[in-house]
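Summary of structural features
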Amino acid sequence: DSTMARVPLKGKSDLPAELQPMWDKMLGYGDFANQSGVLAYRPPIFKNVWSMLTELAAEGQLPKRYLEIALVAVSMLNRCSYCVSHHAPKLEVEGISAEGVEKLLEYTTHPELDAVDRLVVEYSIAVNDNWSRTGDAMFDRLRAHFSDAQIVELTWRIAFCGAINRFSDILQVEVETGSKEQEAAE
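In this text, all values refer to a predicted model and were calculated from it rather than measured experimentally.

**Digging into the nonpolar core**
Counting 33 residues, the largest nonpolar core has Ile 69, Leu 104, Val 121, Tyr 123 and Phe 146 as its most contacted members. Of all the secondary structure elements, the ones that give two or more residues to this core are α4 (64-77), α5 (81-93), α7 (115-129), α8 (136-143) and α9 (148-170). In terms of residue count, the dominant contributor to this core is α4 (nine residues). Sequence-distant contacts of Ile 69, that is, excluding residues within four places in its chain, are made with Leu 91, Ile 96, Leu 104, Leu 113, Asp 117, Val 120 and Val 121. Residues Trp 23, Met 26, Trp 50 and Val 173 belong to the second largest nonpolar core, which totals 20 residues.

**Some details on the side chain of His 110**
You can see His 110 is positioned in the loop between α6 (98-102) and α7. Of the residues examined, His 110 reaches a relative accessible area of 3% and is grouped as buried. Ignoring sequence-local partners within four residues, the contact set of His 110 consists of Ile 96, Gly 100, Lys 103, Leu 104 and Arg 118.

**Points about the packing of aromatic side chains**
Note on aromatic pairs: each is described by the distance of the centres and the angle between the planes. Counted under the stated rule, the structure contains eight aromatic pairs. Members of the aromatic cluster, connected to one another through ring pairs, are Tyr 29, Phe 32, Trp 50 and Tyr 82. Lying across the ring of Tyr 41, Lys 10 places its NZ or CZ 4.7 Å from the centre. Between Lys 90 and the ring centre of Tyr 29, over which it is positioned, the NZ or CZ distance is 4.8 Å.

**Points about the packing of α4 against α7**
At a minimum axis separation of 9 Å, α4 and α7 run at an interaxial angle of 40°. Considering the angle they form, α4 stands oblique to α7. Pair α4 / α7 crosses with right-handed handedness. Touching Arg 65, Tyr 66, Ile 69, Ala 70, Ala 73, Val 74 and Leu 77 of α4 are Val 116, Asp 117, Val 120, Val 121, Ser 124, Ile 125, Asn 128 and Asp 129, all from α7. Each residue belonging to the contact of α4 with α7 can be placed in one class, and the counts come to 10 nonpolar, two polar and three charged.

**Some remarks on unusual backbone geometry**
Backbone geometry places Arg 79, a non-glycine residue, at a positive phi of 50°. Within the secondary structure, Arg 79 is located in the loop between α4 and α5. Arg 79 gets classed as exposed once you look at its relative accessible area, which sits at 69%. Positive phi values are uncommon outside glycine, yet Gln 172 reaches one of about 55°. Residue Gln 172 is classed as partly exposed on the basis of its relative accessible area, which comes to 35%.

**Side note on the confidence of the model for the protein**
Across the protein, pLDDT averages 91, with 94% of residues at or above 70. Under a pLDDT of 50 for its full length, residues 180-186 has, in the predicted model, 15 contacts with residues more than four places off or in other chains.

**Examining the state of the cysteines**
Scanning all chains against the criterion turns up zero disulfides. With no disulfide partner, Cys 80 has as its closest neighbouring cysteine sulfur the one in Cys 83, 3.5 Å distant. Of all cysteine sulfurs, the one in Cys 83 lies closest to Cys 161, which takes part in no disulfide; the gap is 5.0 Å. Look at Cys 161 and you get buried, because its relative accessible area is 7%.

What counts, and at which threshold
Residues numbered from 1 in each chain as written. Predicted model: local features only at pLDDT ≥ 70, side-chain atom pairs only at ≥ 80, totals over all residues. Heavy atoms only, no water. Core = buried A, V, L, I, M, F, W, Y, C linked by side-chain atoms within 4.5 Å. Buried < 20%, exposed > 50% of the residue type's maximum accessible area, 1.4 Å probe, protein only. Helix = DSSP H or I, 4+ residues; strand = E, 2+ residues; numbered from the N terminus. Contact = heavy atoms within 4.5 Å. Phe/Tyr/Trp six-rings, centres within 6.5 Å; stacked < 30°, edge-to-face > 60°. Lys NZ or Arg CZ within 6 Å of the ring centre and 35° of its normal. Axes fitted to C-alpha atoms, helices over the stretch in contact; angles between N-to-C directions. Parallel < 35°, antiparallel > 145°, perpendicular 65-115°, else oblique. Left-handed = near helix turned anticlockwise from the far one by under 90°. Nonpolar A, V, L, I, M, F, W, Y, C, P; charged D, E, K, R; others polar. pLDDT = per-residue confidence, 0-100. Disulfide = S-S within 2.5 Å.

Written as C-alpha cells, this is what we have:
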C-alpha cells in the first residue's frame with residue numbers, strides 16, 4: 001500500500017516526457033517504483049540518481065556479489081527495511097542463504113563468507129560508522145583485491161546507500177508489493 005509514504009507517490013506519467021524512459025530503465029534495475037515515485041517530485045534528483053545507478057550497473061566493474069554485500073550490510077546498519085528488502089534477494093542469488101543474509105553483520109564468524117566478503121562488510125561498517133577513523137591499513141587490504149576505481153565505486157555506493165537509507169526511511173517509502181520475488185529472479 002503506497003498511501004503510507006509521507007508524500008503521495010508520483011508515477012512515470014508525472015515526469016517530464018524526456019525522463020519517462022528513465023522510469024522504464026529504473027524498473028529494469030529493480031522495482032523501485034515507490035522510491036522513484038518520491039524522487040519524481042524533483043526531476044533532477046530522479047534523473048541523476050537513476051542515470052548514475054543504471055550506468056554503474058551496466059558497466060559492471062564492481063563484482064555484483066561484493067556490491068550487494070555492501071548494500072545489504074549498510075542497509076542493515078541503518079535499519080532500512082526498504083533497501084534490505086530490495087537487496088537481500090539479490091544477495092541470495094549471489095549464493096548467500098536467507099539465513100546467511102540475516103546474519104551478515106556477524107561477518108567475522110560467518111560461515112558463508114570468504115575473506116574478501118568479510119573485508120567488504122568490514123569496509124561497509126567503516127564507511128557508514130567510522131569514516132573519519134579508518135586508517136591506511138584498511139586500504140592496503142582493499143588494494144589486495146580491488147583496483148582503485150573499484151575502491152572508489154565501492155566507497156561511493158556504500159555512502160550513497162546510506163543516504164538513500166535515510167531518504168527512504170524519513171519519507172516512509174514502503175516496499176513495493178511482490179518486489180522480493182520479482183527481484184530474486186533478476
